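# Architecture and fold: a report
Read off the chains here:
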Amino acid sequence: MNLSGTHIIIVDDDPGLLEVMKMYLEMKGVHTYCATNGVQAYDLWRKTPGCQAIVSDIRMPGERGDGIHLTRRVREMDVNIPVVLISGYSEGAEETAMAAGASAYLNKPFEWKELEATIAELIQQKPLG
Amino acid sequence: MSYIQRKTAFLLSILIIVVGIAVIGFATFKLREFSIAGIVESEQLAFSRAAYILGDRVRSYVHGLQGMNGVYLTNDFRPSPQQLTKYATYRDNFKNFEGAFGFGFIRRVAAKDLQAYLQSRRQMDPRFNFRRLSEKHYDNYYIIESIEPYDKNAPALGLDIGSETARREAAELAMRTGLNAITAPIRLVQSPNAEAGFLSFLPLYSDLSTEPTLVKAKTQHLIGWAYVPFTVEGLIKQVRQSFDDRLVFELHDADAGEIYKMSAKLDSRFHDPKNWYEEELVVGQRRWRFRGAFTPHPLIPVLNFLGLVAFVFLSTIHIVWVINYFRLKLSKDETTKKSDEILSWQQAVLDGSAYSIISTDTTGIITTFNKSAARILGFRAEEMVGLKTPGVFHDPVEVTEYAAVLSRELGRTIEPGFEAFVAKARDYDSDTRNWTYIGKDGTRTQVRLCVTAIRDQSKAIIGYLGVAEDLTQVIKLENEINEQRLKMIAASKMSALGEMAAGVAHEINNPLAIIVSWASMLREGIKSQKLNLEQMNDGIDRIEKTAHRIGKIIAGLRSFSRDSSTDSMVDCSAEKIISETLELCSERFKERGISISVTGDLHASLMCRPVEISQVLMNLLGNAHDAICNLSQKWVKIAVRETTDSTIFTVTDSGTGIPDTMKEKIMQPFFTTKEVGKGTGLGLSISKGIIDSHRGRLFYELVDGHTQFSFTIPKKKKQSA
């Protein structure tokens, strides 16, 4: 379970959380790419071919700025890339996230160990078929 | 009063007026008649007196005739002219016999003796001149032998009056009867122009001692006649002075026709023979008819006028009196009927009223006690009116307390009793406060009693009126409403909280995630020694700061959920209210991609209960959120504007307004357009209640095609220096 050397896009509209996530992941040797909404994240993903996973908040401002939209759009282009959605609003969020094509869903506040393990596991999985 | 009664009264008054006028007319007519009768009576008397005077004057000539006969008798029937003159002188030439020309003597001379007589007579009196009035032949001549005074009667001396029928007949009548006799009207020789003259005869006999009454003896013994000639003008000239000035008269000889007729201006009454007085006078054995009438009495027109004036005056008084009487009677009837109506109406109002209505006189004795009073108190009107005071159904403790309050307030001692109920009403016209009525069976009833002073037209107090509302139902209802309202507010809050839950969870979970992240990082950093001290300190600071952020959110939630209606008004800035509100709900908007902008005078400060205002703002934002979350354009603008007297908050969203059919209803409780389970329909009505309690206004407008809700909070009035 070592994420060192991986490339991950992190998305959250709360700058405080985005900052600590970036610091934590970089401390673990991860190359992070930060976005504060889904639209920005999608553009970032399109410009970053080596990106191995996306970790995104669900509720973010903008008409198509939320994590659900982001997941759908990413899935249209790439069915394999791991997308982990996280949200503080638990009710029905997981179902929505999974239906949109998310690889995994975590409730805020999440355990970093769990998040690291989830991302690592998803990255190491061979693409299906 | 009905039409029939009015008509009857009208006819009756007309009848009374007509009868009254008739009576007055009759009375004044009678009075006039009576007065005229008096005049007539006096006229009657005056006429009779005139007739008497006339007759008496003629008859009085007999005295002169007797005197003349006396002279003949005493001188052996042959007095000398000198003797006669002497006698006449003695009799003052008969001046006292007014109207008479003089007195003389006529001798009967047989035809055979005529020449001898004439001769002797001429010798005796040279003035004697025998003449006749006709050539008729008679056995006897009746010759005027003497007449005194001669001057006035010269044509008569020597005249044979027997030669003329009227004279002869009268003389012979006197002879036969022995009584005075007068001729029919004749023309006198002394006054040939006078229409009516008379000779009056009184016979003289030589001897009447034997059988004097026999006509034969009289004829045989006749010497002659004393006689007096007079004209009616002369006679009347004398008597006229003694007559009433207004008397107009005629004198007729019954056998020979008119003697005298007075010409005078006669009024209509003279055409009516009834108005003529008539009397028959027998003078000198002739029947004279004396007719007279009176020219109008000068008083009669006056009487007529006075009668008319009296009639008009009395009639007017009568008419005025009758009209006034009936008008008074009508208006009195009308007034009585009106007051009856008013009384019935009053009774109906009193009995129909749901309020207890009790009136008293000035001393407190009950004068009115209506049905509602009886129902509330259990006393019957009969056992209260005129007997008791309101003290019997009041709580003495309350009365004593209120008397003490009033004593302080009015600055004089108010005795605990009836005075406590009316003291203020007397000074300020009415006094309204809550009291406890104690019924006959001890039931206590809360009432709101308004005591009013009843004043007459001169503003003097004549009693007091107490109108009391039974508050039992009102209090019950008020309690129910309060309870309901509290429930509604609570429900609304729960609903709002439920709607917030999602956002709040995220609001809290996000900072929790930050805290957890920092904690994890610190742990990893310590373990791997990759973090320096500064970085670790920074992490701890971040944890602390984020924990405070959570604390603030929770504090906001707590203050929002508790009952804030009893909070005191405090000074608070608009910015603080808005930011605290947004802190609780911004996540919901963010989730739906709705942008929120805040503009305007954010530093405006207002006196309010901030939590309540925040609740209103939250409600308006929530409504905006629900209305626009599915539109393509999603924005909400909050603006604050200050005017001189209030602070205005507006919440505008990108929606296109509220349909006209709903505009009226949006402020009503339980009105909602949201799907079942999403809204209570209480938000706006409660918000309106809150703004009302701040004396502000909450209203909806369509501004530039967008939905806009505004509310105003009035500024505290500045204390003038």
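A short tour of the structure in this document, coming up. Note that residues are indexed from 1 along each chain, following the sequence as it is written. Ligands are numbered from 1 and chains lettered from A, in the order in which they are written. Per-residue local features of the predicted model are confined to residues with pLDDT of at least 70, and side-chain atom pairs are confined, for both listing and counting, to 80 or more; whole-chain, interface and lining totals are unaffected and use all residues. Neither water nor hydrogens contribute to the side-chain values; these are computed over all heavy atoms in the structure.

### Describing the overall build of chain B
Here a strand is any run of E in DSSP of at least two residues, a helix any run of H or I of at least four, and the numbering for each starts at the N terminus. Helix and strand counts for chain B come out as 17 helices and 23 strands. When accessible area is computed with a 1.4 Å probe and restricted to protein chains, residues below 20% of their type maximum are described as buried, those above 50% as exposed, and intermediate ones as partly exposed. Every one of the 721 residues in chain B was classed for burial, and the buried ones make up 44%. By definition in these notes, contact holds between two residues if any of their heavy atoms fall within 4.5 Å. Contacts in chain B between residues at least 24 apart in sequence constitute 66% of all its contacts with a sequence separation of at least 6. Summed over its atoms, the accessible surface of chain B is roughly 38,600 Å², and 56% of this surface lies on carbon and sulfur atoms. Only the protein chains shown count as covering a residue, and every accessible area follows the Shrake-Rupley method with a 1.4 Å probe.

### Looking at the pattern of salt bridges
Residues and elements named next belong to chain B. Salt bridges, as used here, are contacts in which a Lys or Arg side-chain nitrogen is within 4 Å of a carboxyl oxygen on Asp or Glu. Overall, the coordinates contain 37 salt bridges over all chains when judged by the stated rule. The closest approach of N and O atoms between Arg 426 and Glu 419, which form a salt bridge, is 3.0 Å. Three or more residues joined by partner-sharing salt bridges are found here, namely Asp 253, Asp 255, Glu 280, Arg 286 and Arg 287.

### Some details on helix H3 (residues 67–77) of chain A
Restricting attention to buried positions, one finds in H3(A) the residues A:Gly67, A:Ile68, A:Leu70, A:Thr71, A:Arg73, A:Val74 and A:Arg75. Among the residues of H3(A), the N-terminal cap falls to A:Asp66, whose side-chain oxygen and the backbone nitrogen of A:Ile68 are separated by 3.2 Å. N or O atoms within 3.5 Å of each other form a polar contact, as long as, within protein, one can give a hydrogen and the other can take it, and as long as residues adjacent in sequence are counted only when both atoms are side-chain atoms.

### Considerations on the side chain of B:Thr436
Residues and elements named next belong to chain B. Here Thr 436 lies in strand E14 (residues 430–438). With relative accessibility at 2%, the residue Thr 436 sits in the buried group. A polar atom in the side chain of Thr 436 sits 2.5 Å from the side chain of Glu 398. In terms of polar contacts, Thr 436 uses its side chain to reach the side chain of Gln 446, at 3.2 Å. When residues no more than four places from it in sequence are discounted, the contact partners of Thr 436 are Phe 393, His 394, Asp 395, Glu 398, Arg 444, Thr 445 and Gln 446.

### As for the sheet that holds strand E5 (residues 104–107) of chain A
Residue and element names in this part refer to chain A. The 5 strands are arranged E2-E1-E3-E4-E5 in an open sheet whose pairing can be described as parallel. Pairing within the sheet leaves two strands with one partner each, and these edge strands are strand E2 (31–35) and E5. Each neighbouring strand pair of the sheet contributes to a mean axis angle of 20°, computed without reference to strand direction. Across 4 bridges, strand E1 (residues 7–11) lies against strand E3 (residues 53–57) in parallel orientation. Within E3, the position partnered with Ile 9 by the bridge is Ile 54. Along the sheet, helix H4 (residues 93–100) makes contact with strand E4 (83–87) and E5, crossing E5 at roughly 160°. A pair of strands is considered paired only if DSSP assigns at least 2 bridges between the two. Between the N-to-C directions of two axes lies an angle of 0 to 180 degrees, each axis being a line fitted to C-alpha atoms and, for a helix, fitted only over the stretch in contact.

### Here we look at the pairing of E4(A)
Residue and element names in this part refer to chain A. Within E4, 5 of the 5 residues are buried, leaving the element largely enclosed by the surrounding structure. Residues Val 83, Leu 85 and Ser 87 line one face of E4 and the alternating positions Val 84 and Ile 86 line the opposite face, and both faces are buried. Where E3 meets E4, 4 bridges bridge the pair, whose relative direction is parallel. Across the sheet, residue Val 55 finds its bridge partner in E4, namely Val 84. Looking at chain direction, E4 and E5 are connected through 4 bridges and run parallel. Bridging across to E5, Ser 87 finds its partner in Asn 107.

### Examining a nonpolar patch on the surface
Patch definition: residues with relative accessible area over 30% and no salt bridge; like charges joined within 9 Å; nonpolar side chains (Val, Leu, Ile, Met, Phe, Trp, Tyr) joined within 5 Å. Taken together, the side chains of B:Leu299, B:Val302, B:Phe305, B:Leu306, B:Val309, B:Phe313, B:Leu314 and B:Ile317 make up a nonpolar region of the molecular surface, amounting to roughly 740 Å² of accessible area. Mapped onto the elements, B:Phe313 comes out in helix H8 (residues 299–352).

### Observations regarding the interface of chain B and chain A
Facing 26 residues of chain B, the contacting portion of chain A comprises 23 residues. Note: buried area is the sum, over both parts, of the accessible area (probe 1.4 Å) each one loses when the two are combined. With both chains or domains summed, chain B and chain A bury close to 2,300 Å², and 59% of this area falls on carbon and sulfur atoms. Taken together, the links from chain B to chain A amount to 3 salt bridges. Measuring nitrogen to oxygen at the nearest pair gives 2.5 Å for the salt bridge that ties A:Glu19 to B:Arg542. At the junction of chain B and chain A, the tally comes to 8 residue pairs in polar contact (both at pLDDT 80 or more). The set of elements that each furnish at least two residues to the side of chain B that touches chain A consists of helix H12 (471–528), helix H13 (533–561) and helix H14 (574–591) of chain B. For the side of chain B that touches chain A, the leading source of residues is H12(B), giving 16 residues. For this classification, Asp, Glu, Lys and Arg are treated as charged, while Ala, Val, Leu, Ile, Met, Phe, Trp, Tyr, Cys and Pro are nonpolar and the rest, including Gly, are polar. In the side of chain B that touches chain A, the residues fall into 9 nonpolar, 9 polar and 8 charged.

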